[in-house]
Amino acid sequence: MAPWLACGLMERFAGGIYSLEDVPAPKPAPDVYLHAAKLANTAPARCVVVEDNPSGAKAGKAAGTRTFGYVADTDPIRLAPICDALFDDMAKLPKLLHLPHAAVAHS
């Protein structure tokens, strides 16, 4: 099971998960991230993308978001040149987002 599913994020983001089917062009085009920001009525610069592959990270950067690389199962060398920060444990994400741990993991 993907780590983000295991920590309950799927339920937290229900109704706010977007994919290739929602946009005209796939990653590395920024379409999916621009679409998500628009529907959230939020400027891409105020958004954060978490990606575990270079194509997705490039899409996040092209959209103008802060982009974090999740490297638990990815070689950090692949994401380091693209991402603003790297992390290897989802429990570290709240600190990167400047949130209390409980806000992400236990809501």
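Residues numbered from 1 in each chain as written. Predicted model: local features only at pLDDT ≥ 70, side-chain atom pairs only at ≥ 80, totals over all residues. Heavy atoms only, no water.

(A) Expanded view of the overall build of the chain. Looking only at helices and strands, the chain has 7 helices and 3 strands in total. The linear arrangement of helices and strands in the chain, starting from the amino end, is α-α-α-β-α-β-α-β-α-α. Within the chain, the fraction of its 107 residues that count as buried is 30%. About 6500 Å² of surface is accessible on the chain, with carbon and sulfur atoms providing 59% of the total. (Helix = DSSP H or I, 4+ residues; strand = E, 2+ residues; numbered from the N terminus. Buried < 20%, exposed > 50% of the residue type's maximum accessible area, 1.4 Å probe, protein only. Areas by Shrake-Rupley, 256 points an atom, 1.4 Å probe, with all protein chains shown as cover.)

(B) Broad picture of helix α3 (residues 31-39). Taken residue by residue, α3 has Val32, Tyr33 and Ala37 as its buried positions. Seen end-on, α3 carries its buried residues on one side only, within an arc spanning 135 degrees. Among the exposed residues of α3, those pointing more than 90 degrees away from its buried face are Lys38 and Leu39. On its buried side, α3 packs onto β1 (48-51) and α4 (54-63). (Arc of directions from axis to C-beta. Contact = heavy atoms within 4.5 Å.)

(C) Quick peek at the pattern of salt bridges. One pass over the structure, following the stated rule, counts 3 salt bridges. The residue glutamate 51 makes a salt bridge to lysine 27 at a minimum N-O spacing of 2.6 Å. With glutamate 51 in strand β1 and lysine 27 in the loop between α2 (9-12) and α3, this pair connects stretches of sequence that are 24 residues apart. According to the relative accessible area criterion, lysine 27 is partly exposed, its value standing at 37%. Of the charged contacts, one joins lysine 92 and aspartate 88 as a salt bridge, the two residues approaching to 2.7 Å between their closest N and O atoms. With a relative accessible area of 42%, lysine 92 lands in the partly exposed category. (Salt bridge = Lys/Arg side-chain N within 4 Å of Asp/Glu carboxyl O.)

(D) Expanded view of the side chain of threonine 74. Checked against the element boundaries, threonine 74 lands in the loop between β2 (66-70) and α5 (76-79). Of note is the side chain of threonine 74, whose polar atom sits 2.8 Å from the backbone oxygen of aspartate 52. In this structure, threonine 74 is in contact with Asp52 and Leu79, ignoring residues within four places of it in sequence. (Polar contact = N/O pair within 3.5 Å; in protein donor to acceptor, adjacent residues only side chain to side chain.)

(E) Region of the structure containing unusual backbone geometry. The residue after lysine 27, namely proline 28, is reached through a cis peptide bond having omega 15 degrees. Mapped onto the fold, proline 28 is located in the loop between α2 and α3. In this structure, asparagine 41 is a non-glycine residue whose phi angle is positive, near 55 degrees. Within the element layout of this structure, asparagine 41 appears in the loop between α3 and β1. Here asparagine 41 falls in the exposed class, since its relative accessible area comes to 74%.

(F) Representation of the packing of aromatic side chains within the structure. Applying the stated rule across the entire model yields 1 aromatic pair. Ring geometry for tyrosine 70 and phenylalanine 87: centres 5.3 Å apart, planes at 50 degrees, overall tilted. Taken together, the positions of tyrosine 70 in strand β2 and phenylalanine 87 in strand β3 (residues 85-87) put the pair 17 residues apart, joining distant regions of the chain. Relative accessible area serves as the criterion here: at 10%, tyrosine 70 is assigned to the buried category. For phenylalanine 87, a relative accessible area of 4% gives the class buried. (Phe/Tyr/Trp six-rings, centres within 6.5 Å; stacked < 30°, edge-to-face > 60°.)

Everything listed here is a matter of geometry and, on its own, says nothing about what the molecule does.
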